[in-house]
Amino acid sequence: SAFRFETIVAFVDDAKFAKKRLISRSARYTGLLDKLDFVQADSPGALPTVAQLEGIKSWVVNVGSDVSLLHDVANLVKLAPSVENVSVLVTD
């Protein structure tokens with residue numbers, strides 16, 4: 001299945017803050033921590049690099065209200081051969 005994950009990578013602006021917010025007692029008990037890894041962006045708001053997407057099959061990206069990032073996301077996906085599924089969250 002395309003949605004059975006060996007690892008889940010959270011690409012975040014601040015890894016230390018994200019770990020505090022995302023890691024809970026229930027995450028420990030469910031085994032999520034065995035699969036969850038954090039990668040910090042080179043700069044706040046940056047998209048991952050092609051190297052950081054290596055080995056990633058599914059990518060959920062939040063572009064906020066900046067729809068101009070859709071072009072950058074599409075280009076990254078073209079350059080990252082392992083990415084098979086992309087979901088984009090656009091918010092107001």
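Here the structure is a predicted model, which means the values were calculated and not measured.

Peer 1: What am I meant to see in the overall build of the chain here?
Peer 2: Secondary structure summary: the chain contains 4 helices and 4 strands in total. In the chain, the order of α-helices and β-strands from amino to carboxyl end is β-α-α-α-β-β-α-β. Principal-axis analysis of the C-alpha atoms gives the chain an extent of 40 × 30 × 25 Å. Within the chain, the proportion of its 92 residues that are buried is 22%. Counting only contacts in the chain whose residues sit at least 6 apart along the sequence, the fraction spanning at least 24 positions is 71%. Total accessible area computed for the chain in this model is approximately 6,800 Å², and 52% of it derives from carbon and sulfur atoms. Side chains of the chain give 10 positive and 11 negative charges; the mean places of these two sets differ by 11 Å.

Peer 1: What am I meant to see in helix α4 (residues 69-79) here?
Peer 2: Two residues of an α-helix separated by three or four positions point the same way, owing to the 3.6 residues in each turn. Among the residues making up α4, those that are buried are L69, V73 and L76. Looking straight down α4, one finds that the buried residues subtend no more than 65° of arc, so they occupy a single side. Residues of α4 that are exposed and point more than 90 degrees away from the buried face comprise H71, K78 and L79. Packed against the buried residues of α4 are β3 (58-64) and β4 (85-90).

Peer 1: Would you mind going over the environment of N62 with me for this structure?
Peer 2: Position of N62 among the secondary structure elements: in strand β3. Those residues in contact with N62 that sit more than four places away from it in its chain are L89 and T91. A distance of 2.8 Å separates a polar atom in the side chain of N62 from the backbone nitrogen of G64.

Peer 1: What's the story with the confidence of the model for the chain in this structure? I'm lost.
Peer 2: Interpreting fine coordinate detail is not advised for predicted regions of low pLDDT. Across the chain, the average pLDDT comes to 89, with 97% of residues at or above 70. Across the chain, the element-wise mean pLDDT spans from 75 in helix α2 (residues 25-30) up to 95 in α4.

Peer 1: Hey, could you run me through the nonpolar core in this one?
Peer 2: The tendency in soluble globular proteins is for nonpolar side chains to be buried side by side. In this structure, L53, I56, W59, V61, V63, L69, V73, L76, A80 and V83 together form the largest nonpolar core, which totals 10 residues. For this core, the secondary-structure elements that each account for two or more residues are β3 and α4. Within the second largest apolar cluster, 6 residues are counted, among which are A10, A15, A18 and F38.

Reading guide: rules and limits
Residues numbered from 1 in each chain as written. Predicted model: local features only at pLDDT ≥ 70, side-chain atom pairs only at ≥ 80, totals over all residues. Heavy atoms only, no water. Helix = DSSP H or I, 4+ residues; strand = E, 2+ residues; numbered from the N terminus. Buried < 20%, exposed > 50% of the residue type's maximum accessible area, 1.4 Å probe, protein only. Contact = heavy atoms within 4.5 Å. Areas by Shrake-Rupley, 256 points an atom, 1.4 Å probe, with all protein chains shown as cover. Lys, Arg positive; Asp, Glu negative; His and termini not counted. Charge placed at Lys NZ, Arg CZ, Asp CG, Glu CD. Arc of directions from axis to C-beta. Polar contact = N/O pair within 3.5 Å; in protein donor to acceptor, adjacent residues only side chain to side chain. pLDDT = per-residue confidence, 0-100. Core = buried A, V, L, I, M, F, W, Y, C linked by side-chain atoms within 4.5 Å.

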